[in-house]
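A look at the structure
Spelled out, the chains give:
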Amino acid sequence: MGDIRHSRVEQGQTKIKNVPIAVTPEGFWCCPTPVGFQKSLKPQNPLNKLKPSSPPPKTSSQKKAVSVSERKTVPAPSRLVVSDAQQCNDDPERPPPSTSVPAQRTPKPKLESLPKKVAIEFGEPGTCDMKLLLLGKQGFCVKLSVHRDVLIEKSSFFADKLSEQSGLSCLQVDDCEDVEIYVETVGLMYCKEMKQRLMKQSVSRILRILKVTEFLGFSSCIQSCLEYLEAVPWNGEEEEEKVISTILRLQGEGIGVNPVLKRVSPDFSNSPKDTLSHIVELVLKSNEERGRREMKSIVLKLLRENNSLPSSSGSADLCNDMINKSCRNCMDSLLCLFNQVAEPSFSDNKEPVVKHIALEADNLSWLLEILVDKQAAEDFALMWANQQELAALHGKLPIAFRYHVSCISGRLYVGIGRGEVLPSKNTRQLLLQTWLQPLINDYNWLQHGCRSFDRKLVEEGIGRTILTLPLEDQQSILLSWVGSFLKTGDGCPNLQRAFEVWWRRTFIRPYVEGQSNAMPDS
């Protein structure tokens, strides 16, 4: 590696800095690292004093810079100025000489305000036949010694500009947004194995290179960048969004980006509904406790994220139909298992059947949770309320076999009490008529044998569900509850708060009668 050398700064002259340059086996003179650029931008020691310099000599051969229109209609990262060799050798930041010299002495510029220049040579030393001058922001300038043939071969942008001016020996690019990446990209034009060179870069830097190569029409480098982005892992969702937004913009310009997009866009005929159905089916049929529990949690979390997106509303009905179909299958399976256990001859090998009942009940609870999150559990409530045969068999089974089913009823009551599930009045009546008594029968076991059972939550849900019914139905259900509560005490749900509300509605402030009595006689 070469050394960094600092030269004295004359007033009005450009700061010249040689940067470390290494020769690769390909003969490629590596461009400076980002650290090299950052060091060159730092203010120098203020103890170095400036010496006055003589004014620049006037030459009749100087020509004015000719502006050249950009190749693309989109906002370009820089502005190109075509000039001759004399102009490139002069200070690009110095204004053109005037015809008259002012009598007063101009003030000395501050050292920090002087432009900084980095000189870089590509290819074999001493063989360059062109200068490329990159003028960046903050007065930063990079002078590249390059080869005309390389620029024409690799860049359609440079090829167009040089074909317009065949004898041009210098190109000047003004207002470069990313000088460092411009230098890197020109260096890649000399590199035979760009893939190996890009492997050392981060994804964010590759995106910067891709932006410049797209502007310069450096097609082979664009392809190498796309191959890199297709193969390298992306770090987090933010970086993924940046990659995809860049790729989609390139796609609009006719550049082949499908290999990269395949990482985020499916390329098969199966619809998302079929894929989701397959995933749900795998979870429902799993017997491995830990994997099943974790996958249920993951799928539920991801579906909740989908529910929060406006774009998910169009496919919601199809998804709900699929889940309701799975619910019906689980209910049919539970009914078959209950019939099997209720048979008088059923006595041998009970354990597999008990596990199967618990599994199907857990499946229904999970599917119900999905539907509640999707605000689509009303059909489930109707299906469950119509399971009179299953509820009739419930009392014929040992409590250890059946209590999982009562957890489903409890979750529905909680959902109705919270306003998460809004079934019709007839469905609410049928749900209480069919499943409240089985729940009361299992209540003592649920409190002591089911760790996930929340007594206060279920009691509040049952009470609020009852209070949504007409007053006479409230009375019928709560009077029946009073009889059970007086017999079993804590073995029965405590619906005292709902009972008090019903009492006040009935005996203390009957709204309809009060309003009719207050109406004046006609």
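The structure this text deals with has already been given above.
Our subject in this report is the structure included herewith. Small disclaimer: the values here were computed from a predicted structure and weren't measured.

The next thing to look at is helix 14 (residues 350-373). The terminal C-alpha atoms of helix 14 lie 35 Å apart, and with 24 residues this matches the ideal 34 Å at 1.5 Å per residue to within 8%. Positive backbone phi, at 55 degrees, marks glutamine 375, one or two positions downstream of helix 14.

The side chains of a regular strand alternate, first on one face of the sheet and then on the other. The buried fraction of strand 7 (residues 170-176) is high, at 6 of 7 residues. By the bridge criterion, 5 bridges tie strand 5 (residues 130-136) to strand 7 in an arrangement that is parallel. Counterpart to lysine 131 in the pairing with strand 7 is cysteine 170.

Taken as a whole, this structure holds 21 salt bridges when the rule is applied. Linking arginine 205 and glutamate 180 is a salt bridge whose minimum nitrogen-to-oxygen distance equals 2.5 Å. Placement of the pair is arginine 205 in helix 7 (residues 203-216) and glutamate 180 in helix 5 (residues 179-188), with a sequence separation of 25 residues. Each member of the pair, arginine 205 as well as glutamate 180, carries the same accessibility label: buried.

Time to look at the environment of valine 264. Note that valine 264 resides in the loop between helix 10 (258-261) and helix 11 (272-285). Residue classification places valine 264 among the partly exposed positions, given a relative accessible area of 39%. In sequence terms valine 264 and isoleucine 244 are 20 residues apart; their C-alpha atoms lie 8.5 Å from each other. Contacts of valine 264, omitting those with residues within four sequence positions, involve Trp234, Glu240 and Ile244.

On to the packing of helix 12 (residues 289-307) against helix 14, then. At a minimum axis distance of 9 Å, the contact between helix 12 and helix 14 shows a crossing angle of 15 degrees. Relative to helix 14, helix 12 is oriented roughly parallel. Of the two elements, helix 12 crosses helix 14, and the hand of that crossing is right-handed. Taken together, the residues of helix 14 that come into contact with helix 12 (itself represented by Arg292, Lys296, Val299, Leu300, Leu303, Arg304 and Asn307) are Leu359, Asp362, Asn363, Trp366, Glu369, Ile370 and Asp373. Tallied by class, residues from the contact of helix 12 with helix 14 come to 6 nonpolar, 2 polar and 6 charged.

The tally for this structure, following the rule as stated, stands at 12 aromatic pairs. Ring plane angle 50 degrees and centroid distance 4.6 Å describe the contact between tryptophan 503 and phenylalanine 507, whose orientation is recorded as tilted. Taken together, the residues tryptophan 503 and phenylalanine 507, both in helix 22 (residues 496-508) and 4 residues apart, mark about one turn of the helix. Here the aromatic cluster, defined as three or more aromatic residues joined through ring pairs, consists of Trp481, Phe485, Phe499, Trp502, Trp503 and Phe507. Positioned over the ring face of tryptophan 234 is arginine 263, at 3.7 Å from the centre of the ring.

Attention now moves to the nonpolar core. Within the largest apolar cluster, 71 residues are counted, with the highest numbers of intra-cluster contacts made by Leu364, Trp366, Leu367, Phe380 and Trp384. The next biggest cluster of nonpolar side chains, apart from the first, holds 54 residues, and it includes Leu132, Ile181, Trp234 and Leu261.

Here we take up a negative patch on the surface. A surface patch of negative charge is lined by Glu237, Glu240, Glu241 and Glu305. The element best represented in the negative patch is helix 9 (residues 236-251), accounting for 3 residues. Among the structural elements, glutamate 240 can be located in helix 9. Taking the relative accessible area as the measure of exposure, glutamate 240 reaches 30% and is therefore partly exposed.

All right, on to helix 21 (residues 471-488) then. Here helix 21 contains 18 residues, and its C-alpha end-to-end distance of 26 Å stays within 8% of the 26 Å for a straight helix at 1.5 Å per residue. Listed as buried for helix 21 are Gln474, Ile477, Leu478, Trp481 and Ser484. The arc that holds the buried residues of helix 21, viewed along the axis, is 115 degrees, so those residues lie on one side. Turned more than 90 degrees from where helix 21 packs its buried face, Glu472, Leu486 and Lys487 sit exposed. Where helix 21 is buried, its residues contact helix 18 (425-441), helix 20 (455-467) and helix 22. Residue glycine 489 follows helix 21 closely and has a positive phi angle near 65 degrees.

Calculation rules
Residues numbered from 1 in each chain as written. Predicted model: local features only at pLDDT ≥ 70, side-chain atom pairs only at ≥ 80, totals over all residues. Heavy atoms only, no water. Helix = DSSP H or I, 4+ residues; strand = E, 2+ residues; numbered from the N terminus. Expected span 1.5 Å × (residues − 1). Buried < 20%, exposed > 50% of the residue type's maximum accessible area, 1.4 Å probe, protein only. Pairing = 2+ DSSP bridges. Salt bridge = Lys/Arg side-chain N within 4 Å of Asp/Glu carboxyl O. Contact = heavy atoms within 4.5 Å. Axes fitted to C-alpha atoms, helices over the stretch in contact; angles between N-to-C directions. Parallel < 35°, antiparallel > 145°, perpendicular 65-115°, else oblique. Left-handed = near helix turned anticlockwise from the far one by under 90°. Nonpolar A, V, L, I, M, F, W, Y, C, P; charged D, E, K, R; others polar. Phe/Tyr/Trp six-rings, centres within 6.5 Å; stacked < 30°, edge-to-face > 60°. Lys NZ or Arg CZ within 6 Å of the ring centre and 35° of its normal. Core = buried A, V, L, I, M, F, W, Y, C linked by side-chain atoms within 4.5 Å. Patch = residues over 30% accessible without salt bridge, like charges linked within 9 Å, V, L, I, M, F, W, Y side chains within 5 Å. Areas by Shrake-Rupley, 256 points an atom, 1.4 Å probe, with all protein chains shown as cover. Lys, Arg positive; Asp, Glu negative; His and termini not counted. Charge placed at Lys NZ, Arg CZ, Asp CG, Glu CD. Arc of directions from axis to C-beta.

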